[in-house]
Amino acid sequence: MILEDYYLDRIMEVGEKRGFQVDIFVSRSEDLSCELDGDSLDSFQEDRSFGIGVRVLKEGKVGFAYSTEEEVDVIYRAMENLIPDRYTSIPEPSKDMPDPKGIFHREVLDIGEEDLLEDLNTMRDILKEGGITVTGGAVERSYLYNRVLNSKGLDVEE
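Sequence order as written defines residue numbering, which begins from 1 separately in each chain. Whole-chain, interface and lining totals are the exception, using all residues; otherwise, since this is a predicted model, local features are given only for residues with pLDDT of at least 70 and side-chain atom pairs are given and counted only at 80 or more. By convention in this description, side-chain values take in all heavy atoms of the structure and omit both hydrogens and water.

A.B. asks: Explain the packing of aromatic side chains to me, using residue names and the numbers behind them.
C.D. replies: The rule is short: rings of Phe, Tyr and Trp, with Trp giving its six-membered ring, pair when the centres are within 6.5 Å, and they are stacked under 30 degrees, edge-to-face over 60, tilted in between. Counting across every chain of the model gives one aromatic pair. Centre to centre, the rings of Tyr6 and Tyr7 are 5.4 Å apart; their planes meet at 70 degrees, and the pair counts as edge-to-face. Positioned over the ring face of Phe20 is Lys58, at 5.0 Å from the centre of the ring. Placement of a charge over a ring requires the Lys NZ or Arg CZ to be within 6 Å of the ring centre, with the centre-to-atom vector within 35 degrees of the ring normal.

What follows is the structure in structure tokens.
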């Protein structure tokens, strides 16, 4: 599940209450894969990652913090890491920003371990039936989610 909007709203609220402009980047990924070594199952692996970066600006100073935990405290670390930087700015939302909606098929998330293993075995069997020596192979399901929002009203995700 995507980071709860409550946490993002809370990070924005804390920063703005203290007079900061706030920029938030959220990234989440899930990978599920199985591999053959020769014609035998070699590995089955599931990886998940999450990251949130928070940048704050105030009076010509910028601060940044990053966390792999879904937490509100990342905003406090960003506010403590201020350094002078008069060149950084928070981007304004643009009306010509592309809309990536419609390119993601949620059914991908329903592909489970059994499905991947079955697909891998089917591909191996088809090759063997065709007289091909199987030296290896792999099947993978990947999901990547990114979201950028800021205190100027930008809120885009893909």
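A.B. asks: Tell me what's going on with the pairing of strand β5 (residues 136-150), and back it up with residues and numbers.
C.D. replies: When strand β1 (residues 21-37) meets β5, the two strands line up antiparallel, connected through 15 bridges. Bridging across to β5, Val26 finds its partner in Arg147. Between any two strands, at least two bridges found by DSSP are needed for them to pair. For helices the rule is a DSSP run of H or I covering at least 4 residues; for strands it is a run of E covering at least 2, with both sets numbered from the N terminus onward. Bridge count for β5 against strand β6 (residues 155-157) is three bridges, and the pairing is antiparallel. Pairing of Arg147 across the sheet is with Glu157, part of β6. Between β5 and β6, which follow one another and run antiparallel, lie four residues, and Gly153 among them has a positive phi close to 105 degrees.

A.B. asks: Describe the pairing of strand β2 (residues 40-58), and please don't skip the residues or the numbers.
C.D. replies: Direction of pairing for β1 relative to β2: antiparallel, over a ladder of 17 bridges. Pairing of Glu30 across the sheet is with Arg48, part of β2. A loop of two residues connects β1 with β2, the two strands running antiparallel in sequence, and Gly38 in this loop sits at a positive phi of about 70 degrees. Note: β2 against strand β3 (residues 61-67), seven bridges, orientation antiparallel. When the bridges of β3 are listed, Ile52 appears paired with Ser67. Where β2 folds back onto β3 in an antiparallel hairpin, the turn is made up of two residues, including Glu59, whose phi is positive at roughly 50 degrees.

A.B. asks: Which residues make up the environment of Glu46, and what values go with them?
C.D. replies: Within the fold, Glu46 resides in strand β2. Accessibility expressed as a relative area gives 41% for Glu46, which makes it partly exposed. Residues Glu46 and Leu32, 14 residues apart in the sequence, show an inter-C-alpha distance of 4.5 Å. The contact definition used throughout considers only heavy atoms, calling two residues in contact when any of these lie within 4.5 Å. Among residues more than four places away in sequence, those in contact with Glu46 are Asp31, Leu32 and Glu113. Polar side-chain contacts of Glu46 include one of 3.0 Å to the side chain of Arg48. Three exposure classes are used, based on accessible area relative to the maximum for each residue type with a 1.4 Å probe and protein chains only: buried under 20%, partly exposed in between, and exposed over 50%. The term polar contact refers here to a pair of N or O atoms within 3.5 Å; inside protein, the definition further demands a hydrogen-donor-capable atom paired with an acceptor-capable atom, and it admits residues adjacent in sequence only when both atoms are side-chain atoms.

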